[in-house]
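# Inside the fold
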Amino acid sequence: MDRSFTSPLRGKSPFSPRPRQNISTKRVLPPSFRKSSRFSVSGKSTQSVQIILSTPYNYVERFGQPLPVLITEALTFADRNTVVSARISKQGYAWVVCGRRLLIWQYRQSPVQLDTPQKKSGLLNQCFELQLPQSDLAHRAELVSVFVNSGSNTPSCFAVSPEGVVRYWPAIVHEGVSVEQHVNLQGQECDSLTDVEGLGCILATTTCTVLLIQPQLSGGRHTLKFKTLKIPTGWLGGISKRMSSLIFGPIASENSAESGMVRVLSVSNSNDAWTVYVLADHSLQKWHVSKDQEELIFVAELNRMVRDSFYSTLWKNCAEDQTQINTWLLDIQSDKDSVIILAAAVNLLIFRTVHYAMISLQTNTNQTPTSVKDFLLLKMTDLYRESNSSDALSYRFLLCGTHAYLYNQKCITVIKPQEEPDTLEFNTPQDFLLAGSICVNTPIFFSRNHGLVAISSNDMSNDLNLSATCPNTPVDTSFSENVVVNNLSIYNMDPDEICSAYKDTLGQLKAAFIFQIKNQEHAYREILNEIFPLDTSKLPGIDSLLDKVVIMMCRDLLDDTPAGDPRWSKETPLGLGSSYSMQVLHQLEDKQKAHSLFVKFLKESGLWGQLAASTVRNSTMATVYVLGELAEKITAAIALKNVPSSRTLEKAIEKAIADWDTQPENGLTHQDVFFREVTRIHKGVQELVNYCEDVSHSNTNPPQIVEIIHESNDMVLGMFREVLKCREANSAHYKPSETIAAIAPDFLPWTAAGGSEGLFDSLSQMHYLTYNYGVLLTNNERLKNDLFDHLVAITDVLLDGRKCHLESMKNTPLEGILYKQYCADRQKFMKYFLQEKEWERSAKLAEKYLDFDTLMVICESTGNQRRLDDYLERFSNSGFSEHVYNWFLKENKQGKLIDMCKHVGKTKNIQKLTNFLSDHPSLSWMQDVFDKRYNHAADTLQKLATEETESVTRQKTMFSLCKLAKLASGGHDCESYVRNVGARLDLIAYQEDVPDYVLQQFGYDTVHIRVIPPKDLITLYTCKEFREAGELEFKKALDLLAFVDDDELRQELSLKIWRCALLRDLWDHKNLDSPLEILQNKLFFKLVDLAMILDGDGWNLLPPLDTLLDDDSLKDLQNNTNFQFLIKTGYEHIYRTQTVE
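In this text the structure is predicted, and so the values were computed from the model without any measurement.

## Considerations on the packing of helix 22 (residues 852-862) against helix 23 (residues 865-874)
Two elements in contact, helix 22 and helix 23, have axes separated by 8 Å at closest approach and are oriented at 155°. Taken together, the axes of helix 22 and helix 23 are roughly antiparallel relative to one another. Seen from helix 22, the contacting residues are Leu 855, Met 856, Ile 858 and Cys 859; seen from helix 23, they are Arg 867, Leu 868 and Tyr 871. In the contact of helix 22 with helix 23, the residues fall into six nonpolar, no polar and one charged.

## Let's talk about the nonpolar core
Judged by nonpolar contacts, the single largest core of 131 residues is most densely connected at Leu 509, Phe 513, Phe 601 and Phe 880. For this core, the leading source of residues is helix 12 (residues 623-641), giving 12 residues. Other than its neighbours up to four places away in sequence, Leu 509 contacts Leu 528, Ile 531, Phe 532, Val 549, Val 550, Met 553, Phe 601 and Leu 607. Formed by 47 residues, the second largest nonpolar core is a distinct cluster that contains Trp 1067, Leu 1072, Phe 1085 and Leu 1117.

## Concerning the sheet that holds strand 22 (residues 374-383)
One open sheet accounts for four strands, arranged 19-20-21-22; its pairing is antiparallel. Sheet topology places strand 19 (325-335) and strand 22 at the edges, where each strand pairs with a single neighbour. Taken over all neighbouring pairs, the strand axes of this sheet differ in orientation by 20° on average, direction set aside. Packing against the sheet, helix 3 (residues 303-314) makes contact with strand 19, strand 20 (338-347), strand 21 (353-362) and strand 22, and its axis sits at approximately 105° to strand 19.

## Topic: the confidence of the model for the chain
Confidence in the prediction for the chain averages 81 pLDDT; 84% of positions are at 70 or higher. Contacts of residues 111-122 to residues separated by more than four positions or lying in other chains number 23 contacts, the stretch itself having pLDDT below 50. Within the model, pLDDT remains below 50 along residues 460-485, and this stretch shows 39 contacts once partners closer than five positions in the same chain are excluded.

## Notes on the sheet that holds strand 10 (residues 179-182)
If you walk across this open sheet you meet the four strands as 7-8-9-10, and the pairing is antiparallel. Each having just a single partner strand, strand 7 (144-148) and strand 10 make up the two edges of the open sheet. The average undirected angle you get between the axes of adjacent strands in this sheet is 15°. Bridge analysis of strand 8 (residues 155-160) against strand 9 (residues 165-169) gives four bridges, and the strand direction is antiparallel. Bridge pairing links Val 160 to Val 166 in strand 9.

Parameters at a glance
Residues numbered from 1 in each chain as written. Predicted model: local features only at pLDDT ≥ 70, side-chain atom pairs only at ≥ 80, totals over all residues. Heavy atoms only, no water. Axes fitted to C-alpha atoms, helices over the stretch in contact; angles between N-to-C directions. Helix = DSSP H or I, 4+ residues; strand = E, 2+ residues; numbered from the N terminus. Parallel < 35°, antiparallel > 145°, perpendicular 65-115°, else oblique. Contact = heavy atoms within 4.5 Å. Nonpolar A, V, L, I, M, F, W, Y, C, P; charged D, E, K, R; others polar. Core = buried A, V, L, I, M, F, W, Y, C linked by side-chain atoms within 4.5 Å. Buried < 20%, exposed > 50% of the residue type's maximum accessible area, 1.4 Å probe, protein only. Pairing = 2+ DSSP bridges. pLDDT = per-residue confidence, 0-100.

So, in structure tokens, the structure goes:
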């Protein structure tokens, strides 16, 4: 689609909406508009008298230029018996059929043609008259189609006589150049001709024959090609009629002897394909038509569905048989993924009242609809007369946005959601409505007396009558007391102008958005396919063109200037979010509506699924999160605007906009400027906190400081309540897909983000000020209570944002770091409540944000065991039980844990305590004892005692308890088990016998004595520092050898003991006459005697003499002959003694 043209509305932005003018019988329009209206895309009338008739809710006004003279003459002088009909096309052409005269003119120029030479030609100023084929029946405008072929700027025309003579004019400017061909319809009468752009026209007969007529150009000659859309036999009612090889004849229907054509509807798809709906009697066909093929998708029988819907809505409580209900299908229109059918019904057994309804059927798939999607019973009725049923059954309808317009020859009924129907009646004699269509989102009709007219909504609840005050000055009096959807300028913008004037991606996306709002699906999808072609092979990325443009457009929408406020500079272009309202609050509400429409557009167009991620505040976030954030900012702005007048807020706003480009002038206030730029709403909160901080550090009286902080908190927290409510309500709507969440999981809300673009730093400061300059400075209990409530709310906002961020980063490398930061922030914000013993407030927050440390402090400080038990059960799946056990250990309150062991059997947490204690055997044995599992307790204690190295006292206690537990168990291996434990207790006893001064000499702590290994104990017993050591101490050293597992080490230690015993005495004796008497006083031989007494085998304890003396420590004794004599004598004596025994 070629959209390259220069806008004729130079000096005026295409984004400038057509002004919504006050309703009056006279309208004075700007000269510039009057001058260019012939070429105006909007098509607004420039005729001085515009209003034809009106009701309190709607009015009929003239549309476009006055009718061409030929048309006026034809209508005026037409013979009374001559049938006059008319038709209006959406492409900007209209025509009137009067007898065999076909009069065509262009009521609105297509934007595609505005840049062509014909723009300067007289085409628009002319009415072209063509001669229709000879016919015995009356020609009708429904059998004429005017269209523009691809590559041509001159319209072509098809005309068909009721008998089937087709005449084709390749260019209507050349009346004499035409092609005529007759179609053999076997006596059927032609009903309608429907344009299928680029493919030709669909010709339908009154008895449901459907053909595709295509113009052909071969060798410079124009020809016509006819192709019947072949329908399966008996598609209407299941009874097949005789048919020719080319066409289908009339077919029987359930409600009539002969099926009647109702309407053929063509809907443009992408790639030059069309969907064609054929509504005949009570059946609906769906065809897919393209250059290559015509495919029947489905045939749906609607009689039962329609009848059942009327019955269940109107006559369900009546006893009459529902088969007595007569129903008619009157018209059909498309609505995105559905079709809407206008239906009528009457139950003659009850009354002759005709009821009307609009029925929606889901038709965007290839499946035949089997049920009604929506059924809307209209609040309008008529009287059924069998003699003239056409009066009640002649309605057609148009769809325009959310409004429907039902019309016949004498009236138009406007149907709006949640409103009563409003009927506009044309009661003037000889005035009839001949046609209707939609032009630039405006319903237009052809009146025989008035020509083209348009229906407009009268949303003027107050008529300012400014035009009467200043009759010569054009004044835009757009005004509405209520926030209605039409307050948005986007509804009065022309997408064709925008599309042509702005070729950049952003401008094209805006045009597509407006096309979508105006229900022009083909146009907006064509634009989107050009600027954002779908590439399934392309992986989603970050900061793609689509993501950037969507965010940019959404920001622009939120920051647009008001359309109706005259104080704003007219040089500032109006945007999609511009509002006609004069009140700031209503302007914000309109922007909120515009944002919702934009999100709806993204979802319905499929762009939503193509959005990936964007860089925001130096982090990567899913683009849908950014759009959700902008929605929250609108909510925040509305909440702030709803705050009653406040000097504090005014000062903050004034400071916030101090460095903005736009400043208050021409009567604009600080609030006007501030609330216009919704995307910077956070600046107001930041400055509000800064103001509180400045006041806190000033010479202001403490009571005033407290009042300012209190007032600021009320405003900020009121705003955040609405923001969090909005976030919760929209969490599912602004959720990225799993694919996008994998590449950009980060979700840090603006309320929890740091830096100048977030509010975390400001809220943290407000938290600090509220406590230190609010709570601590006031003695007013009521005020202090309010400030504590504020602290709770501020903490809630801060932690909620951090929690959202943490949850979004689950299972990522940053999760651990963020969790530590979250815990640190949580502790920081909770400490004030614990300091002030605000147990209930701190408990409320701790329960919400799983601050288990705070919950434990509360329970311990208040001694509330019931609360602790409740938490153990409530947070059983959140790890609270394990946290409690660890907390008791960390706080050195093992006694509390032991007490829990006594009562754990009464709780549901026994398994969790068991699992926890399994990792803490120093406590698990207690539970075993309480559970009378003494054997298991003994094993645990033995293992703990064996592994104990830090405290000999603790080791002794555990071995003693182990012994008691084993004795209590009474197992078969009890005796040997107890013996082994007794040996370990003996080892501890040996350590306890070592004097403290000896331990101190070796650096041991004599207060908290650690466990000393047997090897070291032997050293202590035999060292020279142990001055009092005698044979008994050395004997203990020998006994300690039993606790040394290594044989080599044990032998080495044994030699060391005996050598130390030798070195304890002097061996220089001059008189050796009684060597045995000398030996009796030597420690070495005293040790031998003691060993023989206690063990009965001292000889085997003695090492071989050669081995004993083979050591450097005995080097001096090795050369001492007296020592040699005495030691050998002693060995000999011991040997003889042992031998004799």
